[in-house]
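Structure at a glance
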Amino acid sequence: MEDNRKQIINMRGIIKRFYIGTPNELTVLKGIDLDVYEGEFVAVVGASGSGKSTLMNIIGSLDRPTEGEYILDGIDITKAKDAELSGIRNRKIGFVFQTYNLIAKTNAIKNIEVPMLYAGIGMKERNRRAKALLEMVGMEDRMHHLPEELSGGQKQRVAIARAMANDPAIILADEPTGALDSSTGRMVMDIFHKLHKEQGKTIILITHSPELAEECGRIVTIKDGEIIGVREGRGGVAV
Amino acid sequence: MMLGENIRLALSGLRANKMRALLTMLGIIIGIASVIAIMTVGNSLTAELNNEFASMGASNIDVMVTRKLNEEDISDSGMIYSSTSSNKEPKDSDFITEEMLEAYIEAYDDKVYALAASENVGQTQVKDGNLYANVAIRGVNLGRLYADKKEPLAGRVFSEKELAGAAKVCMVSDKFVNNMFNGDMEAALGSTVYVELGNKNYLFNIIGVYEYEQMTYYFETVAEKDIQTELYIPLKTAKNINHKSNYEEFTVIGEQGIDVNAFVTETQDFFNKYYENSKDFEIWAYSMNSYMEEINSMMGTTTLAISVIAGIALLVGGIGVMNIMLVSITERTREIGTRKALGAPNSSIRIQFIVESIVICLIGGIIGMILGILMGYGGIKLIKSTVFAVSVKSVLLSIGFSMAIGVFFGYYPANKAAKLDPIEALRYE
Ligand SMILES: Nc1ncnc2c1ncn2[C@@H]1O[C@H](COP(=O)(O)OP(=O)(O)OP(=O)(O)O)[C@@H](O)[C@H]1O
Ligand SMILES: [Mg+2]
């Protein structure tokens, strides 16, 4: 049904094993097939330890699958070298973490500039884009604040702005509201909706909240390293 | 661009942890400070000694009659001991004669600029009513005055006639004029100095005043008024008083540009021809030039030895930097993981931490350098040296060296950071 759309993620038979000592191996992902198209807002749900974060790390090319095929925005990730992977992460992926992971002792605007720094973007352009992104998340008045001077919700908004820094093909958010109270979580979730609706960003969101998952276009349920269900959410597909 | 960002990052990291940064730098600071201090003092001292020697005439050759070391004076073990049999005092006839000097000048006309000779007569106090001045009476020739750079402030130096005729004339110091004539040089010129030496009295006519110069390393312990200065009389006049006609010693002032060390040997050999048959005496010639070289090389050795010790301090400092870098990287594991997730290649992480390490070492090096220069300045004031010469070489060396320490001891931790697995790093608690 979405075959006419541009495919961002194309995963076939992804297996991830961890080797904990020689004889013991732990298969965390047991053959994942996943397709994500441009402009989709996908929620990934599942019990703790089911392998959601592991899958997300592979999608984000932070980690390599033990077996399987993975094409990200036309690039064969399984064949890419380490040095290429960092470039892919830099330009194609925007990570948002549960624990924000803002760089300490570095103010909001400088934090947003970090991905642009690695992309080799000049100082003036970095500054201009960082300001625009801060405005987008409503944090322009906290530009020069250090992470320790910001609340959890504010930190997460800066982190989302940072994820958008190099206009990535996809945003990966691993429990972005997990450390926030429900009203702050609501605000953060609204920013994702805004990115999805207004800019047509492709977003994959891991969440433990059934309500938030229902707001997305598609809900993927994982259990013990396998996708056990895919269904439509209320969010639909933007654009 | 990236470099500037890395330096900014390193500086803000240091600012956030000032005490730790300072303690980390301490080894580098101490190491660099001691190298700079030692090199500054050594450099200044060498420069000062060289100046001093140059003013004393480093290229001058002193020639003197010394006692021969006969075979019986040297024991089997090679030790020299004094044997009474040959411990003879030289007589006037054992000394260098006027004829020898003339032959020498003729032989080395192109190398000898002048001969300087002097004859000490004795020390005494010149009195005139309440006025007095302490003097050492010394016979000199024109070469001596030239070598000692004694130019007349007033009046003139001795004439050839006065020198040849053993005239009863003298040159006094400005200090002498201060004491005896209330500083009036014109009044001093033409006046007669009455000198009592032993049981004899002498009268000398003042024909010139020279400027007294205090020796740099000579600590004056007597009152200004009591300082003893030299009262110069013609060489022959002094020799007559001492009942001598020959020269126990003299100084050769070489022409500019001669090979002094070679000429020392030539001169010694020349005069020793006259002493071949002498049982007890021979000629010994030496020049400050060779001492200067010796002192310079000694200075160099001392500097090197202390630099080695400072090098060990720097090594320990470097290990301290490495240690703190490892701690810092462990503390910032999540930051490293985040940076990698945001697309930092390993090389960027490596450079970031190497730059941080270089910045620590460089700041330490600069603090150490400033401290070292101050310490060197203090040291120079302490030994009352007048020359303060910071060695540019040592400054460049210490900056380069501290940067090299930064690279060397920063590489391992930085590489460790670069190779961190991003997922492990992000999961790090
Ligand atoms: N580096 C590793 N070494 C060994 N086992 C690992 C490693 N990383 C993850 N695992 C295991 O893989 C399984 C899946 O972990 P993962 O973090 O993907 O779960 P999750 O679905 O994200 O859970 P949560 O909702 O609690 O975040 C867990 O059992 C975990 O212990
Ligand atoms: Mg997880």
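Above this text sits the structure in question.
Residues numbered from 1 in each chain as written. Chains lettered and ligands numbered in written order. Predicted model: local features only at pLDDT ≥ 70, side-chain atom pairs only at ≥ 80, totals over all residues. Heavy atoms only, no water.

Regarding the pairing of strand β6 (residues 169–173) of chain B
All names here are of chain B. Burial analysis of β6 places five of its five residues in the buried class, which makes it a mostly covered element. Of the two faces of β6, the one lined by V169, M171 and S173 and the one lined by C170 and V172 are each fully buried. By the bridge criterion, five bridges tie β6 to strand β8 (residues 200–210) in an arrangement that is parallel. Its bridge partner being in β8, V169 is matched across the sheet by N205. (Buried < 20%, exposed > 50% of the residue type's maximum accessible area, 1.4 Å probe, protein only. Helix = DSSP H or I, 4+ residues; strand = E, 2+ residues; numbered from the N terminus. Pairing = 2+ DSSP bridges.)

Details of helix α3 (residues 98–107) of chain B
Residues and elements named next belong to chain B. The complete set of buried residues in α3 reads M100, L101 and Y104. Down the axis of α3, the buried side of the element spans an arc of 100°, and every buried residue falls inside it. Exposed residues lying more than 90 degrees from the buried face of α3 are E99 and E106. Buried residues along α3 sit against β2 (112–116), β10 (249–254) and α9 (260–272). (Arc of directions from axis to C-beta. Contact = heavy atoms within 4.5 Å.)

Re the pattern of salt bridges
The tally for this structure, following the rule as stated, stands at 30 salt bridges over all chains. The residue E5(B) makes a salt bridge to R126(A) at a minimum N-O spacing of 3.6 Å. Of the two residues, E5(B) is situated in helix α1 (residues 2–16) and R126(A) in helix α4 (residues 123–136); the pairing between them involves two chains. On the accessibility criterion, R126(A) (1% relative accessible area) is buried. Notably, a salt bridge pairs D167(A) with K201(A), separated by 2.8 Å at the nearest N-O pair. Separated by 34 residues along the polypeptide, D167(A) in the loop between α5 (152–163) and β7 (170–174) and K201(A) in the loop between α6 (182–199) and β8 (202–206) bring together distant segments of the chain. (Salt bridge = Lys/Arg side-chain N within 4 Å of Asp/Glu carboxyl O.)

Structural notes on the packing of aromatic side chains
Residue and element names in this part refer to chain B. A full pass over the atoms with the stated rule returns 16 aromatic pairs over all chains. Between Y104 and F271, the aromatic rings sit 4.9 Å apart at their centres with planes inclined by 45°, giving tilted as the arrangement. Separated by 167 residues along the polypeptide, Y104 in helix α3 and F271 in helix α9 bring together distant segments of the chain. A relative accessible area of 0% places Y104 in the buried class. Taken together, a centroid distance of 5.3 Å and an interplanar angle of 75° make the contact between Y108 and F263 edge-to-face. Of this pair, Y108 sits in the loop between α3 and β2 while F263 sits in helix α9; the two residues are 155 residues apart in sequence, bridging distant segments of the chain. For the residue pair Y108 and F263, the accessibility class agrees, reading buried in each case. Lying over the aromatic face of Y247, K239 brings its terminal NZ or CZ to 4.3 Å of the ring centre. (Phe/Tyr/Trp six-rings, centres within 6.5 Å; stacked < 30°, edge-to-face > 60°. Lys NZ or Arg CZ within 6 Å of the ring centre and 35° of its normal.)

Remember, this is a structural readout, not a statement about activity or role.
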